[in-house]
Amino acid sequence: MPRQSIIIDTDPGQDDALAILLALAHGDALDVLGITAVCGNISVSGTAANALKVLALAGREDVPVFVGSAAPLVGKLVTADVLHGKAITAGWDLPFSSAAPRPEFAADWIIDTLLSRPAGTVTICALGPLTNIALALAKRPEIADRLEGLVMMAGASQGGNMNAVAEFNVFVDPHAAARVFAAPVRKVVVSLDVTRKLLVTETELRRLTAAKNGITAEVTKLLGLYDACARAGAPRALHDPAVIAMLLAPDIFKGREVNVEIETAQGLTYGQTIVDVNGVTGRPANAHWLTDVDSDAFYSLLCDALARG
Ligand code: BDR
Ligand code: CA
């Protein structure tokens, strides 16, 4: 498989951190051009700081970090505190990073990067709300043609985690998601439908923390929330690393082409990804919606990456 150039747009987030570590461990396959931080799990200053800490942990402070949007396109930011209490900030006492974010605004850097590289050579991995990507597409719509693709953790068709139907990343900024799903870009969607099959059980935790290397102690801290939930008999799903796994090992996933629309109206279904699974609307397919994953193969990939640390 040829080496792929990627931009990671992210709101770390413990699962975002594992996704970044997974990508960096596979430098043979993935060239991480930069990390763009977006508000989501916490404020954008916090997610940028966390991205820098993850890069320091991996010894990769050469990877540039850009600060992106501090708020969704419409309305006020809803952070993951509402979902997890303050637990989303647990485990982040990682070593201090002396690096600083670059001065360019994240959406502008995405535009500059896509316009300065050959068309069809860069993939965006979106691990948070889609605000930065929507802003970049709004400012320079022609970047849609320059992208190789967009692989995103977004949405759900079988029940949400913010209301009965909406997933967090889409719920935080459904207006951005609507713009991104409407853009003429090849999209692959890793939704809760798939990530709920990647539960972090006590067995998986033992596997993830088995390696005894420079990053094990810090990874164990980041996984503290998952450990507590697994011990309580309510294992949490692991979301964002599945986006990177999709690039590294697409064969472990199954999916189908569907039409996806986003509910932006306030109400019970705010932020829903409306997936036309039966093709009844007549609207053209605009996304490859993943439906299944080989959980064991996924964890082997992730554990192998963490063991390289
Ligand atoms: C998504 O929400 C965030 O809390 C996680 O980092 C993940 O990207 C899952 O709904
Ligand atoms: Ca995330």
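Per-chain numbering applies: the sequence of each chain, read as written, is numbered from 1 onward. Chains and ligands are labelled sequentially in the order written, the chains with letters from A and the ligands with numbers from 1. Per-residue local features of the predicted model are confined to residues with pLDDT of at least 70, and side-chain atom pairs are confined, for both listing and counting, to 80 or more; whole-chain, interface and lining totals are unaffected and use all residues. As a convention, hydrogens and water are excluded, and side-chain values are obtained from all of the structure's heavy atoms.

Caption draft 1: Just the overall build of the protein chain, in detail. In this description a helix means any DSSP run of H or I spanning at least four residues, a strand means any run of E spanning at least two, and both kinds are numbered starting from the N terminus. Helix and strand counts for the protein chain stand at 14 helices and ten strands. Radius of gyration (C-alpha) of the protein chain: 18 Å, near the 19 Å computed for a compact globule of 309 residues. Expressed along its principal axes, the backbone C-alpha trace of the protein chain runs to roughly 55 × 45 × 40 Å. Contacts between residues were defined by any pair of non-hydrogen atoms, one from each residue, lying within 4.5 Å. In the protein chain, 84% of the contacts between residues at least 6 apart in sequence involve partners at least 24 apart. Note on areas: Shrake-Rupley, 1.4 Å probe, and residue coverage restricted to the protein chains presented here. Here the protein chain displays about 11900 Å² of accessible surface, and carbon together with sulfur accounts for 54% of that area. We count Lys and Arg on the positive side and Asp and Glu on the negative side, and we leave His and both chain ends out. By convention, the point assigned to a charge is CZ for Arg, NZ for Lys, CD for Glu and CG for Asp. Mean positive and mean negative side-chain charge positions of the protein chain (25 and 33 charges, respectively) differ by 1 Å. The globule rule used for comparison is 2.2 Å times the number of residues to the exponent 0.38, while the radius of gyration itself is calculated over C-alpha atoms.

Caption draft 2: Region of interest: the packing of aromatic side chains. Aromatic pairs are defined between Phe, Tyr and Trp rings, using the six-membered ring for Trp, whenever the two ring centres lie within 6.5 Å; interplanar angles under 30 degrees are classed as stacked, those over 60 as edge-to-face, and all others as tilted. By the definition in use, this model includes three aromatic pairs. With 4.4 Å between their ring centres and 15° between their planes, F66 and W109 make a pair best called stacked. With F66 in strand β3 (residues 65-67) and W109 in helix α4 (residues 106-116), this residue pair connects regions lying 43 residues apart in the sequence. With a 1.4 Å probe rolled over the protein chains alone, any residue whose accessible area is under 20% of its type maximum counts as buried; one over 50% counts as exposed, and the rest are partly exposed. Residue classification places F66 among the buried positions, given a relative accessible area of 4%. Measuring from centroid to centroid gives 5.5 Å for F171 and Y270, while their planes differ by 85°, and the two rings are edge-to-face. With F171 in helix α7 (residues 168-172) and Y270 in the loop between β8 (260-262) and β9 (273-275), the pair connects residues that are 99 residues apart, well separated along the chain.

Caption draft 3: Representation of the site of ligand 1. Here a residue is near a molecule or strand as soon as one of its heavy atoms is found within 4 Å of it. Around ligand 1 sit D15, D16, N41, L127, M153, N161, E167, F168, N169, H239 and D240, and those are all the residues in its vicinity. One nitrogen or oxygen atom from the side chain of D240 is found 2.7 Å from an oxygen atom belonging to ligand 1. Within the complex, 97% of the 280 Å² of free accessible area of ligand 1 lies under protein. The set of elements that each furnish at least two residues to the shell around ligand 1 consists of α1 (14-25) and α7. Considered class by class, the residues forming the shell around ligand 1 number three nonpolar, four polar and four charged. Definition of a polar contact: a pair of N or O atoms within 3.5 Å, with one able to donate and the other able to accept a hydrogen when the atoms are protein atoms, and with sequence-neighbouring residues admitted only if both atoms are side-chain atoms. All amino acids are sorted into three groups, where Ala, Val, Leu, Ile, Met, Phe, Trp, Tyr, Cys and Pro are nonpolar, Asp, Glu, Lys and Arg are charged, and the leftover types, Gly among them, are polar.

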